[in-house]
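Each chain, letter by letter, is given below.
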Amino acid sequence: LARSTLSEEDLAELERLGDRPSQTLMPVEETRKQALLREYDETLLRRAHAAMLLQGRGFDMSDPFVLARS
């Protein structure tokens, strides 16, 4: 969980949708953008919680590479 991220495809889609003003998006695109943003936020919260638990268990979380993907 501490290393989880959105898929490369989802990140690219979110970036593409995020680069466009909301008023230019079709309703289905706006819905998808909101779903991706919600998923991104939930992923960040899960990562933060996992990092907090790891730190509580003695892992050194000051090194950003601890959570880097292998």
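The structure this text deals with has already been given above.
Residues numbered from 1 in each chain as written. Predicted model: local features only at pLDDT ≥ 70, side-chain atom pairs only at ≥ 80, totals over all residues. Heavy atoms only, no water.

Chemist: Quick rundown of a nonpolar patch on the surface? Include the residues and the values.
Modeler: Where nonpolar side chains cluster on the molecular surface, the patch consists of Leu11, Tyr40 and Leu44 and spans about 230 Å² of accessible area. One can find Leu44 in helix α2 (residues 27-56). For Leu44, a relative accessible area of 40% gives the class partly exposed. (Patch = residues over 30% accessible without salt bridge, like charges linked within 9 Å, V, L, I, M, F, W, Y side chains within 5 Å. Areas by Shrake-Rupley, 256 points an atom, 1.4 Å probe, with all protein chains shown as cover. Salt bridge = Lys/Arg side-chain N within 4 Å of Asp/Glu carboxyl O. Helix = DSSP H or I, 4+ residues; strand = E, 2+ residues; numbered from the N terminus. Buried < 20%, exposed > 50% of the residue type's maximum accessible area, 1.4 Å probe, protein only.)

Chemist: Account for helix α1 (residues 8-18), naming residues and giving values.
Modeler: Owing to its 3.6 residues per turn, the α-helix aligns residues three or four sequence positions apart on the same side. Within the span of α1, buried status applies to Asp10, Leu14 and Leu17. Angular distribution of buried residues about the axis of α1 spans 70°; they occupy a single face of the element. Counted as exposed and oriented over 90 degrees from the buried face of α1: Glu8, Glu9 and Glu15. (Arc of directions from axis to C-beta.)

Chemist: Any details on the nonpolar core? Residues and values, ideally.
Modeler: The biggest cluster of nonpolar side chains holds five residues, and these are Leu6, Leu14, Leu17, Leu25 and Leu36. For Leu25, the residues in contact, after removing those within four places along its chain, are Leu17, Arg20, Glu30 and Lys33. (Core = buried A, V, L, I, M, F, W, Y, C linked by side-chain atoms within 4.5 Å. Contact = heavy atoms within 4.5 Å.)

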